[in-house]
Amino acid sequence: QHKDAYQVILDGVKGGAKEKRLAAQFIPKFFKHFPELADSAINAQLDLCEDEDVSIRRQAIKELPQFATGDNLPRVADILTQLLQSDDSAEFNLVNNALLSIFKMDAKGTLGGLFSQILQGEDIVRERAIKFLSTKLKTLPEEVMTKEVEEFILTESKKVLEDVTGEEFVLFMKILSGLKSLQTVSGRQQLVELVAEQADLEQTFNPSDTDCVDRLLQCTRQAVPLFSKNVHSTKFVTYFCEHVLPNLSSLTTLVEGLDIQLEVLKLLAEMSSFCGDMEKLESNLKKLFDKLLEYMPLPPEEAENGENAGNEEPKLQFSYVECLLYSFHQLGRKLPDFLTAKLNAEKLKDFKIRLQYFARGLQVYIRQLRLALQGKTGEALKTEENKIKVVALKITNNINVLIKDLFHIPPSYKSTVTLSWKPVQKADVSQKRASEDTTSSSPPKKASAGPKRDARQIYNPPSGKYSSNLGSFSYEQRGGFRGGRGRGWGGRGNRSRGRIY
């Protein structure tokens, strides 16, 4: 009976500032009484959400959740998602609060609106909607984030992951790995499969294509924290052995200051502990062994063609050798007779000579490092030079333990070491270091928190120099992706633009 009166209120959006302010309050207040005018009412409120007067816009946005009833809720969620593009901080906060309040009314309906904009909206809206999900979902109570809601998030995320940038992929992995239903072994397995799909492990690896290299590294970094004794890394380790190791020296990256080869070897080492049964184990172990030999020089007088003859000592690249030796030691457990039965006697003799030469060099530097660090505690250990020495000592000790194992007759694979860049369980003051600057969504193995991340630099003791390259490297802000979105793994196709409420 008051339909005409309500229509007058709706028409108020075309009036002056006072009429608009009143309309912003009264349109939502009486909305539920006039279902036949629902569309007109929502459209009128939308006009107010886009008004030039910021106070009118804020008032209109604040009241939007009142329209989120029944079938209107996904539409309101869609509208609020588009309003995330606001650059006014108070307005932006109102939009966030409004979205959270309708989330509590109907999580699936709200997610429907958010995902429709992520899939079809403007780039700025897509970006902010993803960020909203990555920061706000974890704050919602369990009664809102039900199993059904989490399944909906996974289903919709898979659609988005068909075409994402590197940055977006990292955020979606953060969203999905935070879901309670994916904390189980089968859940983590699902996530690993998602990452493997994103890494495109079926494709031919092109070491000179920075996009191809960066995609593989970015994906592998996301997968590493998911691996465990029940969730195997076999697919990734196989790909690294078959496709990446043979091309190690030709890898390219756009990331300044990154030792791409060491980065790859570290990822391989971390994954090797969780490798399951591998189809071509012997062949892949051979590739790993051959790569290890490249970094295990013969003593100068025994080098062929006199290449290292003279006074120049070969460089011992301890950081590389730690990774390769650890990976070989881990996979070697699965084929313990590789060195004795699969190599000919001459090759084994050659390997033992290399190991012996390396071990001799190791002993010298371990003694030097211990002497240099002797008696130093607290502040003295916090200088850049001493922090590097502490890590260098850890690297050399690790290699020493692994070489001793391989010298056993027959070679043994029983010793366990903690990789030099991984945190140790007990807090050892001599091995702590200031955390480096990286983003909060870093996976556990990043160069950010905890001790011994300094091992990112190459340590070349034979030259008598300690590397001072301690620059932190943020895994997310790679900047190495290219494509249609300017920073991605490929163009995202033609999507509709503009207001689609």
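Just above sits the structure.
Report on the accompanying structure. The shown structure was predicted, so the numbers you read here are calculated from the model rather than taken from an experiment.

## Remarks on the packing of aromatic side chains
Counted according to the given criterion, the structure contains 15 aromatic pairs. The interplanar angle of 70° and the centroid separation of 5.8 Å between the aromatic rings of Phe 289 and Phe 338 together place this pair among those described as edge-to-face. Residue Phe 289 is located in helix H15 (residues 281-294), and its partner Phe 338 is located in helix H17 (residues 338-342); the two are separated by 49 residues in the primary sequence. Among the aromatic residues, those joined into a cluster by ring pairs are Phe 289, Phe 328, Phe 338 and Phe 351.

## Observations regarding helix H8 (residues 123-136)
With 14 residues, H8 should reach 20 Å at 1.5 Å per residue; the first-to-last C-alpha distance of 20 Å fits that figure. Inspection of H8 places Val 125, Arg 126, Ala 129, Ile 130, Phe 132, Leu 133 and Ser 134 among the buried residues, and these make up the whole buried set. Packing partners of the buried residues in H8 comprise helix H5 (72-83), helix H6 (89-105), helix H7 (107-120), helix H9 (147-160) and helix H10 (166-177).

## Focus on the pattern of salt bridges
Applying the stated criterion across every chain, the model contains 19 salt bridges. Residues Lys 147 and Glu 151 are paired through a salt bridge, measuring 3.7 Å at the closest nitrogen-oxygen approach. Of this pair, Lys 147 and Glu 151 both sit in helix H9, 4 residues apart, which is roughly one turn of that helix. The exposed category is assigned to Lys 147, whose relative accessible area is 57%. The closest approach of N and O atoms between Lys 159 and Glu 156, which form a salt bridge, is 2.8 Å. Separated by 3 residues within a single helix, Lys 159 and Glu 156 lie in helix H9, roughly one turn from each other. The class for Lys 159 is partly exposed, based on a relative accessible area of 40%.

## Structural notes on the nonpolar core
Counting 141 residues, the largest nonpolar core has Ile 27, Leu 80, Phe 236, Phe 328 and Leu 339 as the members making the most contacts within it. When residues in this core are grouped by element, the largest group, 9 residues, is from helix H16 (residues 318-332). If near-sequence neighbours (up to four positions away) are discounted, Leu 339 is found in contact with Phe 289, Phe 328, Leu 348, Phe 351, Leu 406, Pro 411 and Tyr 413. In terms of nonpolar packing, the next biggest core, distinct from the first, is built from 7 residues, Leu 369, Val 390, Ala 392 and Leu 393 among them.

## A look at the side chain of Asp 214
Assignment of secondary structure puts Asp 214 in helix H12 (residues 210-223). Owing to a relative accessible area of 0%, Asp 214 belongs among the buried residues under this scheme. Side-chain polar atoms of Asp 214 contact the side chain of Thr 253, separated by 3.5 Å.

## Here's the deal with the side chain of Arg 354
Assignment of secondary structure puts Arg 354 in helix H18 (residues 345-373). Owing to a relative accessible area of 15%, Arg 354 belongs among the buried residues under this scheme.

## A word on unusual backbone geometry
The omega torsion of the bond from Ile 409 to Pro 410 falls at -10°, within 30 degrees of zero and hence cis. Mapped onto the fold, Pro 410 is located in the segment after helix H19 (384-407). Residues other than glycine seldom take positive phi values, yet Asp 200 does so here, at roughly 55°. Tracing the chain through its elements places Asp 200 in the loop between helix H11 (185-199) and H12. Look at Asp 200 and you get partly exposed, because its relative accessible area is 33%.

What counts, and at which threshold
Residues numbered from 1 in each chain as written. Predicted model: local features only at pLDDT ≥ 70, side-chain atom pairs only at ≥ 80, totals over all residues. Heavy atoms only, no water. Phe/Tyr/Trp six-rings, centres within 6.5 Å; stacked < 30°, edge-to-face > 60°. Helix = DSSP H or I, 4+ residues; strand = E, 2+ residues; numbered from the N terminus. Expected span 1.5 Å × (residues − 1). Buried < 20%, exposed > 50% of the residue type's maximum accessible area, 1.4 Å probe, protein only. Contact = heavy atoms within 4.5 Å. Salt bridge = Lys/Arg side-chain N within 4 Å of Asp/Glu carboxyl O. Core = buried A, V, L, I, M, F, W, Y, C linked by side-chain atoms within 4.5 Å. Polar contact = N/O pair within 3.5 Å; in protein donor to acceptor, adjacent residues only side chain to side chain.

Scope: geometric values only; no functional claims are made or implied.
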